[in-house]
Amino acid sequence: MEGSPGPSDLQEQLKEREAEVGVLRNRLSQAQEEIDRLRRENEQLRQELRASGRGRARGQSKRKAKRKRSGRKAGKGRFTFRGAPASAVTKGPSQPVPVTITQCPCCGGALQWERTDEVTLTDMPERPQPEIKCYAVEVRRCEACGQRVRGQHPDVAPDPYGATAHRVGLRVKAAAHAVHYGMGVPVRKVPAILREFTGVEVTQSALTQDALKKSTGVIGNAYQQLRAGVALAPVTYTDDTGWRIHGQAAHLMAFDTDQATVFQIRSQHRNEEVRELIPADYAGVMVTDRGKSYEADELSDVDQQKCLDHLKRNIDEVLETKTGGARSFGLKLKKILRDARQLWRDQRAGKAKNFQARAEKFDKKLTYHLRPRSLQDPDNQRLLDGIGLQHDRGRVLRFLHNPAVEPTNNRGERAVRPPVIARKLSHGSKNVRGAEAFSAFTSVIQTAVKRRASSTFDALHHLFGSKTTVSSTEAHPPPS
């Protein structure tokens, strides 16, 4: 039949169809391989999330299988009546509150006395009034030269007379500085707070001048003692944050130890500023992030522990850009650090068996993983060189060999939180003297909190009252 394909044409068409089928099969095989790879990566990510506590397996209920019982833990005591605080001042006997009905409101039965409950109410005075103390300061004059000599009292400054004869006491100053430096209230709002709750009138400039004076006096002396004590601490946790001095960029550094928390504000954050508190021959351990100022040659002899959270963050930044086999180096390194940290936690909880042997095992495992070699991926090579150098210096797993060292500098980060809040409200310091006053007062107050002082007010008031008085024979110029 004319126009119908012959056997040869059919064979050619069959070959073309077979070739197309082969191409489609290859594409299908490649697609299936890609699906399998994505499934493996997805499962690996699920395992990482479950290990970090941020994920849950498919089908797992949000409710815990064994929930904790609400309320207090067993053996921790009963909820009992605490009563009024011991420092409260009570006036007169308790006011009786009798039952005014004689029949039960439910059934109408007769009511019999069972007990009397004691209830207290703590409140502020109705009209707070300042306490004004008067002093009759005797003034004598030398008959020979005419020089005046004034009497001295611990509560009276050596130079108040004339228009300056009335001043506020140490309690008002301690309260003002505790509110400003301890609680982060802007100094411009402190006078209104004092006036509202104590009835004392004081100006913002008076508080600022007193703070600057005390930062070079009793508070400054206490601050210098705290600074000197950092070099003697067995472990110091450091961190830094931005600051402003008259609108110019500066740095606030925190040094936290078991006994004190010390701040300093400088225009730069170099190893020179770090060595103001951590000398080159520091005998303790400094726990830091990966800042360049801590990597200087001048601090090479100082034992350090690099924050594991910062190392983990470096690893995560690389893993976000990698797929397939390029992720294996970072994942294994991350797992070693995570397991080592868990061992440290178990040891602190008393659950770690054969701790020293397991710590040595982690050390050998990390040493082998960070052995010098060439990797194909440049980012992984950067991780190997950077973290490997820190491990060679003993700065990665030092917390497993020194029980006093923690694996992160979280304590330093927590220490800078109050200054960060103050920075958001005040935008820094107006001048260098203000920055020094902020460092001194904040260091003294945070140290008092760390040492569980009764209150920051009591700590400041105690320091203010510890100053030495001028001798009664010291001459003072007459008022103009």
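Residues numbered from 1 in each chain as written. Predicted model: local features only at pLDDT ≥ 70, side-chain atom pairs only at ≥ 80, totals over all residues. Heavy atoms only, no water.

Asker: Would you mind showing me how to read helix 5 (residues 218–230) here?
Answerer: Residues three or four positions apart in an α-helix share a direction because the helix packs 3.6 residues into each turn. The first and last C-alpha atoms of helix 5 sit 19 Å apart over 13 residues, in line with the 18 Å expected at 1.5 Å per residue. Those residues of helix 5 not exposed but buried are V218, I219, G220, A222, Y223, L226, R227 and V230. Looking at the packing, one finds that the buried side of helix 5 touches helix 4 (204–215), strand 3 (235–245), strand 4 (248–256), strand 5 (261–266), helix 13 (432–450) and helix 14 (456–464). (Helix = DSSP H or I, 4+ residues; strand = E, 2+ residues; numbered from the N terminus. Expected span 1.5 Å × (residues − 1). Buried < 20%, exposed > 50% of the residue type's maximum accessible area, 1.4 Å probe, protein only. Contact = heavy atoms within 4.5 Å.)

Asker: Even after reading the chapter, I still don't get the sheet that holds strand 7 (residues 303–306), so can you show me in this structure?
Answerer: Each strand in a sheet pairs with its neighbour through backbone hydrogen bonds, running either in the same direction (parallel) or in the opposite one (antiparallel). Taken in spatial order, the 5 strands make up an open sheet running 5-4-3-6-7, and their pairing is mixed. What marks the edges here is a single partner per strand, and that holds for strand 5 and strand 7. Sheet twist, expressed as the average angle between the axes of neighbouring strands with direction ignored, equals 30°. Sheet topology places strand 6 (residues 285–288) next to strand 7; 4 bridges connect them, and they run parallel. Paired with M286 across the bridge in strand 7 is Q304. Packing of helix 13 onto the sheet brings it into contact with strand 3, strand 4 and strand 5, and relative to strand 5 it is tilted by some 165°. (Pairing = 2+ DSSP bridges. Axes fitted to C-alpha atoms, helices over the stretch in contact; angles between N-to-C directions.)

Asker: So what exactly am I meant to see when it comes to the side chain of T408 here?
Answerer: In this fold, T408 is placed in the loop between helix 10 (378–392) and helix 11 (410–415). There is a polar contact of 3.4 Å between the side chain of T408 and the backbone nitrogen of N410. (Polar contact = N/O pair within 3.5 Å; in protein donor to acceptor, adjacent residues only side chain to side chain.)

Asker: Looking at this structure, how should I read the packing of helix 2 (residues 170–183) against helix 3 (residues 190–198)?
Answerer: What describes two packed helices is the angle between their axes and the distance between those same axes. As a packed pair, helix 2 and helix 3 sit with axes 10 Å apart at the nearest point and diverge in direction by 125°. The orientation of helix 2 relative to helix 3 falls into the category oblique. Crossing of helix 2 over helix 3 shows right-handed handedness. Here V172, A175, A176, V179 and H180 of helix 2 come into contact with helix 3, specifically with V190, I193 and L194. (Parallel < 35°, antiparallel > 145°, perpendicular 65-115°, else oblique. Left-handed = near helix turned anticlockwise from the far one by under 90°.)

Asker: It is not clear to me how the nonpolar core should be interpreted in this structure. Could you clarify?
Answerer: A general tendency of soluble globular proteins is for nonpolar side chains to be buried together. If you look at the biggest cluster of nonpolar residues, it comprises 44 residues, and the most contacted ones within it are I219, I265, I278 and L460. If you tally residues by element for this core, the top one is helix 13, at 7 residues. Ignoring any residue separated from it by four or fewer positions in sequence, one finds I278 in contact with V230, T236, F255, M286, L299 and V302. In this structure, V287, L308, F329 and A359 belong to the second largest nonpolar core, which totals 31 residues. (Core = buried A, V, L, I, M, F, W, Y, C linked by side-chain atoms within 4.5 Å.)

Asker: Would you explain the pattern of salt bridges in this entry?
Answerer: Side chains that carry opposite charge are capable of pairing whenever their charged atoms lie near each other. Taken as a whole, this structure holds 29 salt bridges when the rule is applied. With its nearest N and O atoms 2.8 Å apart, the salt bridge here joins K322 to D379. Of the two residues, K322 is situated in the loop between helix 7 (308–319) and helix 8 (328–348) and D379 in helix 10; the sequence distance between them amounts to 57 residues. Residue classification places K322 among the buried positions, given a relative accessible area of 12%. Of the residues examined, D379 reaches a relative accessible area of 24% and is grouped as partly exposed. D339 is the salt-bridge partner of K335, the closest N and O atoms lying 2.8 Å from each other. Residue K335 and its partner D339 are located together in helix 8, separated by 4 residues, close to a single helical turn. Assessed through its relative accessible area of 44%, K335 is described here as partly exposed. Among the charged side chains, a network of salt bridges with common partners joins D256, D258, E406, R411 and K450. (Salt bridge = Lys/Arg side-chain N within 4 Å of Asp/Glu carboxyl O.)

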